[in-house]
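Observations on chain architecture
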Amino acid sequence: MSIIFNSEKKIFSIKTADFSYIMQISDSGYLLHKYFGKAIGDDDLSFATLEVAHASFSPNPADESFSLDSMPQEYSASQTGDFRVSSVDIKSANGEYASEVKYVSHEIITGKPQLKDMPSIFAENDEATTLVLTCEDVYAKAEIKLYYSIIEKLNIIVRSVKIKNIGDGTFHLMKMASSCVDFCACDFDMTQLYGTWSKECNVERINIPQGIHSIASRRGSSSHQHNPFVAISDKDATETSGNVYGFNLLYSGNFAIELERDYLDNLRVVCGINSWNFDFELSSGEEFQTPEVVFTYSPNGFGELSRTYHKLYKNHISKSKWAHKKRPLLINTWEAAYFNFTDETIIEYAKHAKELGIELLVMDDGWFGKRNNDKTSLGDWFVNTEKLKKGLPKMVEEINEIGMDFGIWYEPEMISPVSELYKKHPEWCMHMSARPNCLGRNQYVLNLALKEVQDYLFDVMTEVLKSCNITYVKWDFNRNLTNVSMEDLPNSEKGETFHRYVLGLYSLLERLTDELPEILFEGCSGGGGRFDPALLRYFPQNWASDDTDAVERIQIQYGTSMAYPVSAIGSHVSNCPNHQTGRTSPLKMRSAIAMMGTYGFELSPLKLTDEEKDFVKEEIKLYHKYYDLINNGELYRLTNPFENPYYCATEFVSPSKDKALVTYVVSRSRRLKPVFVKLQGLNEHSKYKDMDTGICYFGDTLMNLGLNFSKYTDEGESVRVYLEEI
Ligand code: DGJ
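Residues numbered from 1 in each chain as written. Predicted model: local features only at pLDDT ≥ 70, side-chain atom pairs only at ≥ 80, totals over all residues. Heavy atoms only, no water.

Here we take up the side chain of Asn332. Topologically, Asn332 is positioned in strand S22 (residues 330-332). At 2.9 Å, the side chain of Asn332 and the side chain of Asp364 are in polar contact. In this structure Asn332 touches Val362, Asp364, Lys474, His572, Phe601, Glu602 and Leu603, once residues within four positions along its chain are discounted. (Helix = DSSP H or I, 4+ residues; strand = E, 2+ residues; numbered from the N terminus. Polar contact = N/O pair within 3.5 Å; in protein donor to acceptor, adjacent residues only side chain to side chain. Contact = heavy atoms within 4.5 Å.)

Neighbouring the ligand are 13 residues, the closest being Asp364, Asp365, Lys474, Asp476 and Asp546. One of the side-chain N or O atoms of Trp543 is found 3.5 Å from an oxygen atom in the ligand. With the chains in place, 98% of the 290 Å² that the ligand exposes on its own is no longer accessible. Of the residues belonging to the shell around the ligand, the class tally is four nonpolar, three polar and six charged. (Near = heavy atom within 4 Å. Areas by Shrake-Rupley, 256 points an atom, 1.4 Å probe, with all protein chains shown as cover. Nonpolar A, V, L, I, M, F, W, Y, C, P; charged D, E, K, R; others polar.)

With that out of the way, let us pick up the pattern of salt bridges. Inspection of the entire model under this criterion finds 43 salt bridges. With its nearest N and O atoms 2.4 Å apart, the salt bridge here joins Glu515 to Lys466. Linking Glu515 in helix H7 (residues 497-515) with Lys466 in the loop between helix H6 (451-465) and strand S27 (472-475), this pair joins segments that are 49 residues apart in sequence. As a salt-bridge pair, Glu618 and Lys621 come within 3.0 Å of each other at their nearest N and O atoms. Note that Glu618 and Lys621 are positioned in helix H10 (residues 610-632) at a spacing of three residues, about one turn of the helix. We classify Glu618 as partly exposed; its relative accessible area is 43%. Each of the salt bridges in this network shares a partner with another, and the network as a whole consists of Asp187, Asp189, Arg205, Lys235, Arg261 and Asp265. (Salt bridge = Lys/Arg side-chain N within 4 Å of Asp/Glu carboxyl O. Buried < 20%, exposed > 50% of the residue type's maximum accessible area, 1.4 Å probe, protein only.)

Turning to the nonpolar core, a few remarks are in order. Ile163, Leu173, Phe183, Ile232, Trp367, Leu392 and Phe406 are the most contacted members of the largest nonpolar core, which totals 192 residues. Ranked by residue count, the leading element in this core is H7, at nine residues. Membership of the second largest hydrophobic core comes to 23 residues, among which are Ala660, Met703, Leu707 and Tyr712. (Core = buried A, V, L, I, M, F, W, Y, C linked by side-chain atoms within 4.5 Å.)

For the rest of this paragraph, the subject is the sheet that holds strand S4 (residues 31-38). In a beta sheet, neighbouring strands pair by backbone hydrogen bonds and run either parallel or antiparallel. The strand order across the open sheet built from four strands is S1-S2-S3-S4, with neighbouring strands paired in antiparallel fashion. Looking at strand neighbours, the two that pair on one side only are strand S1 (2-6) and S4, the edges of this open sheet. For this sheet the average axis-to-axis angle between neighbouring strands, irrespective of direction, equals 15°. As paired strands, strand S3 (residues 19-25) and S4 are joined by seven bridges and run antiparallel to one another. Along S4, the bridge assignment pairs Ile22 with Tyr35. (Pairing = 2+ DSSP bridges. Axes fitted to C-alpha atoms, helices over the stretch in contact; angles between N-to-C directions.)

This part covers the pairing of strand S28 (residues 520-523). Judged by which residues are buried, S28 turns out to be covered on both faces: Leu520 and Glu522 on one side and Phe521 and Gly523 on the other are all buried. Two elements, S27 and S28, share four bridges in a ladder whose sense is parallel. Bridge pairing in S28 links Val473 to Phe521. In terms of handedness, the path from S27 via H7 over to S28 forms a crossover that is right-handed. Examined bridge by bridge, S28 and strand S29 (residues 541-543) share two bridges and lie parallel to one another. Pairing of Glu522 across the sheet is with Gln541, part of S29. (Right-handed = clockwise from strand over helix to strand, strands pointing away.)

Let us now look at the packing of aromatic side chains. According to the stated counting rule, one finds 46 aromatic pairs in the structure shown. Geometrically, the ring pair formed by Phe36 and Phe183 is stacked, given 5.9 Å between the ring centres and 25° between the ring planes. Note that Phe36 is positioned in strand S4 and Phe183 in strand S11 (residues 171-183), a separation of 147 residues in sequence. For Phe183, a relative accessible area of 6% gives the class buried. Aromatic side chains Trp367 and Tyr410 sit 5.3 Å apart centroid to centroid with 80° between the ring planes, which places their arrangement in the edge-to-face category. A residue pair is termed long-range when its members are at least 10 positions apart, and Trp367 in the loop between strand S23 (360-363) and helix H4 (392-402) and Tyr410 in strand S24 (residues 405-410) qualify at 43 residues. Looking at Lys325, its charged tip hangs above the ring of Trp322, at a distance of 4.3 Å from the centre. Here Lys387 stacks its cationic end above the ring of Phe341, 4.8 Å away from the centre of that ring. (Phe/Tyr/Trp six-rings, centres within 6.5 Å; stacked < 30°, edge-to-face > 60°. Lys NZ or Arg CZ within 6 Å of the ring centre and 35° of its normal.)

Laid out in structure tokens, this is it:
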């Protein structure tokens, strides 16, 4: 595993355990992409060129015989002979809109550099190696550095780009992608995660047609609509077989993953910040850094691809102490009380929750300003003492005396027009002087690009968070950005605000999490509206969806697990009939599905019957028993709920393969038909014992014949099978 440069052939060869990624410098300095796929030998890949199309309609550069329009490349330019999707567009002072990327030099460095203003993947120096290719656009006077980092033990490349103005004048970046990769003469499928509020991460797989297909957000956040994740795969790739390539952008704002299939059946994948409304001015000496994108490759289907992302995000992105620490088992007040609570209610919940074995009480929306509904008070982050008469410190003290920890809800990035903050600082919200502002859930968005807004939020939040023993914060974000402008920037720089907002968010989160390192922060955006890998740096867990219906959650959690580990997927047992769908599902099933995520509760513990309470107590014992296996084991998705609506089976296997937990749920009645579910990831020749029935099976029997679940036929039935190697 390594990064090697063959100076004679001018070939760079990046190798991990399973894949090779190869590129070559052309005679005149173009960076040509040669290969990305299953690991291959160190052949001279000069033969792998595509000189097919160069004619008047696919022109060639003056110093080369090939056309950039057909040649696979590392970082595509524009107006210089390649008509396909560009990676970098530069508008020079003379108005020319073009770019060229030519190799100048390179270095191979130990370790993985960190980005200054944005979350980045980290690794120890002995775990990672980085190739830095320095290129230049001599006409625009831009130096362009392409970064490729590999973490030796994982099948990943982390890419990003840094551009610097090395001239005397000023230019504008109109597009600056994090990566580009061209696949030669191929026929792939594309898989994406699309959705909406309360229905996140639907898995859609399509044939990639001719033309440009874009998975993108213009909402100012990574969005419910498209997760910044795409996989491309062999047509016959399955969960367990075939070549699959993943692309996941570490960015929480407007993004685009553009796929272009051209007439030669070449496929280009360009990932980065969305160029819509992006116009970044660089003066002499100034630099611009793109976010990182993680490329993953699996020769063994989607399951392995996901497990690679899970390992990466469990170990190489979060700065939180809670990344590896056992998280507290929480109960959240939202669906139990909505805005209608007092300190007495909260204390009462805490008492009852404690009896069940729950460890942390989270007071959701409604504790501040005059917030009795969603029409007021965002921005007024001081305690509503009409509701919490004892005051926060006293209430938290009483909760702690009961033996429970305490957590609190915030939506820091927002401002209600009906608020004290808006009276004082109407100019702090995103607005355009000549247009009326759009309301979303009765609120506006604060302009986090402004330092004074970041400072206000830092001060007002730390004041409350330090006033008593608060150990958890839920950070919500309930609308998307409109009216994005910045009055005091010159017109030519107004295209910077979307990106500066995201940088402002990261900066605030960086400061708060440094100041309050003991607090567990959970991300939320009306559920999974901003579930992206960048925010995993601060939020080791994210509320996956406001849809808490167990059946719906099967698909939502399955889709989210394509890229994100179960330890990050916030999931709770909620009330029935379900508040979103009206469906009634057995408590056992609700608990089984919530336990395939972070596990927690979102219901009134006062309303549980004695029988339900006894059941919950037993489930909590199992939660502790299986915690390590679920959170630190490997996930195997045994069924696909987008193809099979009848039953769902999920398996967690310990890293040493000596333990496995299978959860089987009947999501729709399926009488008469037998069901055998084949397990995965076990030692073939070992014997495993079902610890409840005592029945023993060989690993290969479990993986080839499977477990027999035929007797579970009714909707809502569920069972766990826990196996230990003997
Ligand atoms: C949206 C979140 O997803 C919910 O869980 C809850 O916190 C509400 N916001 C509160 O307004």
